[in-house]
Amino acid sequence: MTRTTADVTFLRGYNQALVMALGRTVRTFERSTVVDATGLTPQAVSKVLARLSADGLIRTAGVRRPGIGKPAVVYEIVPDSRYAIGAHVARRTLRLVLVDLAGTVHHCAVSPLPGDFTPEQLLDALSSGIDALPGGADLRGRLTGVGIGMIGPLDHARGLVRDAHGLRHWHDVPLRDLAEAHLGLPVHLDKDVTAGITAEAWRHGGTFGDAVLIMVESGIGGGFWLGGTAHRGAHTNAGEFGHTVVALDGPPCVCGRHGCLEIVHNHAAEAGDIARAARVLAVGVVNLLQTLDLSRVVLAGADLLRHAQTYLAAVEEAVHTDVPRADWLTTDVTLSSLGPDVIAAGAAMQVLDKHYGVPDLAPL
Ligand SMILES: [Zn+2]
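Here we summarise the structure given alongside this text. In this text, all values refer to a predicted model and were calculated from it rather than measured experimentally.

1. Here's the deal with the sheet that holds strand β11 (residues 187-191)
Within a beta sheet, neighbouring strands are joined by backbone hydrogen bonds and run either parallel or antiparallel to one another. If you trace the 5 strands from one edge of the open sheet to the other, you get β6-β5-β4-β7-β11, paired in mixed fashion. The open sheet has two edge strands with one neighbour each: β6 (105-112) and β11. The mean inter-strand angle of the sheet, taken between neighbouring strand axes irrespective of direction, is 20 degrees. Bridge count for strand β5 (residues 93-100) against β6 is 7 bridges, and the pairing is antiparallel. Looking at the pairing, L96 lines up with A109 of β6. The strands touched by helix α4 (residues 119-131) within the sheet are β4 (83-89), β5 and β7 (143-150), with β5 carrying the most contacts at an inclination of about 40 degrees. Along the sheet face, helix α6 (residues 175-183) touches β7 and β11 and points at about 145 degrees away from the line of β11.

Have a look at this one:
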């Protein structure tokens, strides 16, 4: 392929991605909506709309007849034209969801994983879980791939699980390639928290600013959305928020240091003092806000959601009272809009985003 051809292909894909991003954000749109939002010429937009219609990704949803001027065709995304499967791998459970092109979660299935499970055990659980999803064979042609939100540390770029905390059989395991071979589908591997923040960003569209998703589920992690995209860091391992130290002479942590946020939090939670555990987490959240100046904090994870109101209240209070000039440095604190599905749904949305999203650019 010549360089020129490659550029044209990229531009065509890019323009299509712009239209799809717009279609996800607004319910219906016209050619003029796309022209206004993207700055493309009406002729270019017509071509893109024709191509997306031919691929079955968008369809006409009627005609708008203004008082003056020509009638305008109204378009919408066809949600069931493409699907992705999302998997949330936790220490004891595998959660699978089916997500359509509009980002709606359709089916959810949770199955137990053996304690200290091996890569083979996970692959078997993935394939039997995917086979058991309703509409399996019928969906196959519309399935874009499988996203896996996994316990870290992991190398997203290479598809390697480096040394998943608390799992002994996961040293430099090439999970992405193994899963692709095992499932016969494209696989996207990412940290659980990074998948989670992608789900929140996708659902909010262009209004989503710099944000963190805090997950409390066995461990504590943070997934970041900075400058309009998921932030993974230099080694794609950003988010080990639970292993930042909050007590210099604190208890020893699984990571080898002392007084990590995670171990101090877990000691309080295990002693039944959820209010204190929530305050410990809140201290960590304020540290993050002081470092990164975020506009949004999303709280997630099974252990947190069991005591959702306690955590929400503690973090909200800390954000309002412990951040100097909180009147100016305002931050929204919410629970995850997708509850326990957020990681699996986000993993699926990452697959859809890879094919139908705008690559590494702020959403419209
Ligand atoms: Zn630690």
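There's more to say after this.
2. A few points about the coordination of the zinc ion
Metal coordination angles in their ideal form are 109.5 degrees for the four-donor tetrahedron and 90 or 180 degrees for the six-donor octahedron. Taken together, H243 (ND1), C253 (SG), C255 (SG) and C260 (SG) make up the protein donors of the zinc ion, found 2.0 to 2.4 Å from the metal. With 4 donor atoms in place around the zinc ion and angles of 100 to 124 degrees between them, the coordination shape is tetrahedral. Accessibility expressed as a relative area gives 10% for H243, which makes it buried.

3. A word on the nonpolar core
By size, the foremost hydrophobic cluster in this structure holds 43 residues, and its most contacted members are F29, I58 and L213. When residues of this core are traced back to their parent elements, those giving at least two are α1 (3-25), α3 (42-54), β3 (72-77), β5, α7 (192-204), β12 (211-217), β15 (296-300) and α12 (342-356). Counting residues per element, this core draws most heavily on α12, at 10 residues. Grouped together as the second largest cluster of nonpolar side chains are 35 residues, C253, Y311, A326 and V333 included.

4. Details of the packing of aromatic side chains
Here the distance between the centres and the angle between the planes together describe a pair of aromatic rings. Under the defined criterion, the tally for this structure stands at 3 aromatic pairs. Between the aromatic rings of F29 and Y75, the centroid separation amounts to 6.1 Å while the plane-to-plane angle is 25 degrees, which identifies the pairing as stacked. Here F29 is found in strand β1 (residues 29-30), whereas its partner Y75 is found in strand β3, with 46 residues between them in sequence. Judged by relative accessible area, F29 falls into the buried class, the value being 1%. Accessibility expressed as a relative area gives 14% for Y75, which makes it buried. Relative to W170, the ring of F117 has its centre 5.9 Å away and its plane inclined at 70 degrees; by these criteria the two rings are edge-to-face. In this pair, F117 sits in the loop between β6 and α4 while W170 sits in the loop between β9 (160-163) and β10 (171-173), placing the two residues 53 residues apart along the sequence. Exposure remark for F117: the relative accessible area of 0% places this residue in the buried category. Stacked on the ring of W202, the Lys or Arg R24 has its end atom at 3.6 Å from the ring centre.

5. A look at unusual backbone geometry
Glycine aside, the phi torsion of most residues is negative, and most peptide linkages are trans. That bond from G152 to P153 is cis: its omega, 0 degrees, falls within 30 degrees of zero. Checked against the element boundaries, P153 lands in the loop between β7 and β8 (154-155). With phi around 50 degrees, D172 is a residue other than glycine that occupies positive phi space. The topology assignment puts D172 in strand β10. We classify D172 as partly exposed; its relative accessible area is 33%. Unlike most non-glycine residues, R325 shows phi in positive territory, near 60 degrees. With respect to the helices and strands, the residue R325 is situated in the loop between α11 (308-321) and β16 (332-335).

6. Remarks on the pattern of salt bridges
Applying the stated criterion across every chain, the model contains 12 salt bridges. The residue E30 makes a salt bridge to R64 at a minimum N-O spacing of 2.5 Å. On the criterion of sequence distance, the pair formed by E30 in strand β1 and R64 in strand β2 (residues 58-64) is long-range, its members being 34 residues apart. For E30, a relative accessible area of 10% gives the class buried. Exposure remark for R64: the relative accessible area of 41% places this residue in the partly exposed category. Close ionic contact of D190 with R232 constitutes a salt bridge, the shortest N to O distance being 2.6 Å.

7. A closer look at the pairing of β5
Buried residues dominate β5, accounting for 7 of its 8 residues. Note that β4 and β5 share 7 bridges and pair antiparallel. Along β5, the bridge assignment pairs I85 with L98. Counting the residues in the hairpin turn of β4 and β5 gives 3 residues. Count of turn residues in the β5/β6 antiparallel hairpin: 4 residues, of which G103 carries a positive phi of about 90 degrees.

The rules we used
- Residues numbered from 1 in each chain as written.
- Predicted model: local features only at pLDDT ≥ 70, side-chain atom pairs only at ≥ 80, totals over all residues.
- Heavy atoms only, no water.
- Pairing = 2+ DSSP bridges.
- Helix = DSSP H or I, 4+ residues; strand = E, 2+ residues; numbered from the N terminus.
- Axes fitted to C-alpha atoms, helices over the stretch in contact; angles between N-to-C directions.
- Contact = heavy atoms within 4.5 Å.
- Donors = N, O, S within 2.8 Å, 3.2 Å for Na, K, Ca; no water.
- Tetrahedral: all angles 85-135°; square planar, octahedral: opposite > 155°, others 65-115°.
- Buried < 20%, exposed > 50% of the residue type's maximum accessible area, 1.4 Å probe, protein only.
- Core = buried A, V, L, I, M, F, W, Y, C linked by side-chain atoms within 4.5 Å.
- Phe/Tyr/Trp six-rings, centres within 6.5 Å; stacked < 30°, edge-to-face > 60°.
- Lys NZ or Arg CZ within 6 Å of the ring centre and 35° of its normal.
- Salt bridge = Lys/Arg side-chain N within 4 Å of Asp/Glu carboxyl O.

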